[in-house]
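Now for the letters of each chain:
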Amino acid sequence: MAGRFEGTVVIDRPVDEVFAFLADGENDRKFSPRVQEMTRVTDGPTGVGTVYRSKVKDAGMTTSREFRISEFEPPRRIRWTEVSKNLVTAPEGGYDLEAVDTGRTRLTVFNTLEGHGLGKLLVGLALSAARKDADDFARRIKAAVEAS
């Protein structure tokens, strides 16, 4: 079973500024309490092919994760895919940004979750928790961007 969750929020910053903040994956620690470490492992500016490695804590378990940027269209769209092998992975995730008016940006964040092996039994729980937290997650991104 695979499924998707998403959250949407309006951020009181221009779309270029929001995009720049989100394009730096190391900022994930500023809005995602589950992310303990986040490091870019490829050289150069973020773009298609950039890889980030993280350690995250979910349901009391710490796992290592690796994501590759699969689409990068400033200032509107970022997509990633998880390339690491875990019980539950995110084969697709992303940010969609839209200028609402001068100085404000509508952000939609989403992830698709997929279970592997025993993770097929866990993915429903993970998806339920992620959907329940999706709007709060979007609000944490808003707070982090506006504080930067």
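What counts, and where the lines are drawn
- Residues numbered from 1 in each chain as written.
- Predicted model: local features only at pLDDT ≥ 70, side-chain atom pairs only at ≥ 80, totals over all residues.
- Heavy atoms only, no water.
- Buried < 20%, exposed > 50% of the residue type's maximum accessible area, 1.4 Å probe, protein only.
- Helix = DSSP H or I, 4+ residues; strand = E, 2+ residues; numbered from the N terminus.
- Pairing = 2+ DSSP bridges.
- Contact = heavy atoms within 4.5 Å.
- 1 Å grid on protein atoms, 1.4 Å probe; cavity = no way out; pocket = protein on both sides within 12 Å on 5 of 7 lines; lining within 4 Å.
- Points joined across faces, edges and corners; volume = space filled by probe spheres on them.
- Nonpolar A, V, L, I, M, F, W, Y, C, P; charged D, E, K, R; others polar.
- Salt bridge = Lys/Arg side-chain N within 4 Å of Asp/Glu carboxyl O.
- Core = buried A, V, L, I, M, F, W, Y, C linked by side-chain atoms within 4.5 Å.

1. Quick notes on the pairing of strand β7 (residues 104–115)
Within β7, 9 of the 12 residues are buried, which leaves the element mostly enclosed by the surrounding structure. In the sheet, strand β1 (residues 2–11) pairs with β7 via 10 bridges, with the strands oriented antiparallel. Counted as the bridge partner of Gly3 is Leu113 from β7. With 11 bridges joining them, strand β6 (residues 88–101) and β7 adopt antiparallel strand pairing. Residue pairing in the sheet places Thr89 in a bridge with Glu114 of β7. Count of turn residues in the β6/β7 antiparallel hairpin: 2 residues, of which Gly103 carries a positive phi of about 85 degrees.

2. Structural notes on the side chain of Ser54
Relative to the elements of secondary structure, Ser54 occurs in strand β3 (residues 51–58). Assessed through its relative accessible area of 3%, Ser54 is described here as buried. The contacts of Ser54, once residues within four sequence positions are left out, are Glu37, Met38, Thr63, Ser64, Arg65 and Phe67.

3. A short note on the layout of surface pockets
Considered as a void within the structure, the largest pocket measures approximately 1,200 Å³ in volume. In this structure, the largest pocket is lined by 42 residues; those nearest its centre are Arg34, Val56, Asp58, Arg65 and Leu113. With 9 residues, the single largest contributor to the lining of the largest pocket is helix α2 (residues 119–147). Taken together, the residues of the lining of the largest pocket sort by class into 28 nonpolar, 7 polar and 7 charged.

4. A few points about the pattern of salt bridges
Two side chains bearing opposite charge may form a pair once their charged atoms approach each other closely. Counted by the stated rule, this structure contains 15 salt bridges. In this structure, Glu146 engages Lys142 in a salt bridge whose closest nitrogen and oxygen atoms are separated by 2.7 Å. Taken together, the residues Glu146 and Lys142, both in helix α2 and 4 residues apart, mark about one turn of the helix. For Glu146, a relative accessible area of 23% corresponds to the partly exposed category. Each of Asp12, Asp101, Arg104, Lys142 and Glu146 takes part in salt bridges that share partners, so that together they form one network.

5. Here's the deal with the environment of Pro45
Assignment of secondary structure puts Pro45 in the loop between β2 (35–40) and β3. Among the residues examined, Pro45 registers a relative accessible area of 73% and is labelled exposed. Along the primary structure Pro45 and Lys120 are separated by 75 residues, whereas in three dimensions their C-alpha atoms are 36 Å apart. Sequence-distant contacts of Pro45, defined by excluding residues within four places in its chain, comprise Arg40 and Thr50.

6. With respect to the nonpolar core
The biggest cluster of nonpolar side chains holds 30 residues, and the ones touching the most others in it are Leu22, Tyr95 and Ile141. If you list the elements that add at least two residues to this core, you get β1, α1 (15–23), β4 (61–73), β5 (77–82), β6, β7 and α2. By residue number, the principal contributor to this core is α2, which donates 9 residues. The residues contacting Tyr95, other than those within four sequence positions of it, are Leu22, Asp28, Phe31, Arg76, Arg77, Ile78, Arg79, Trp80, Leu107, Thr108, Val109 and Ile141.

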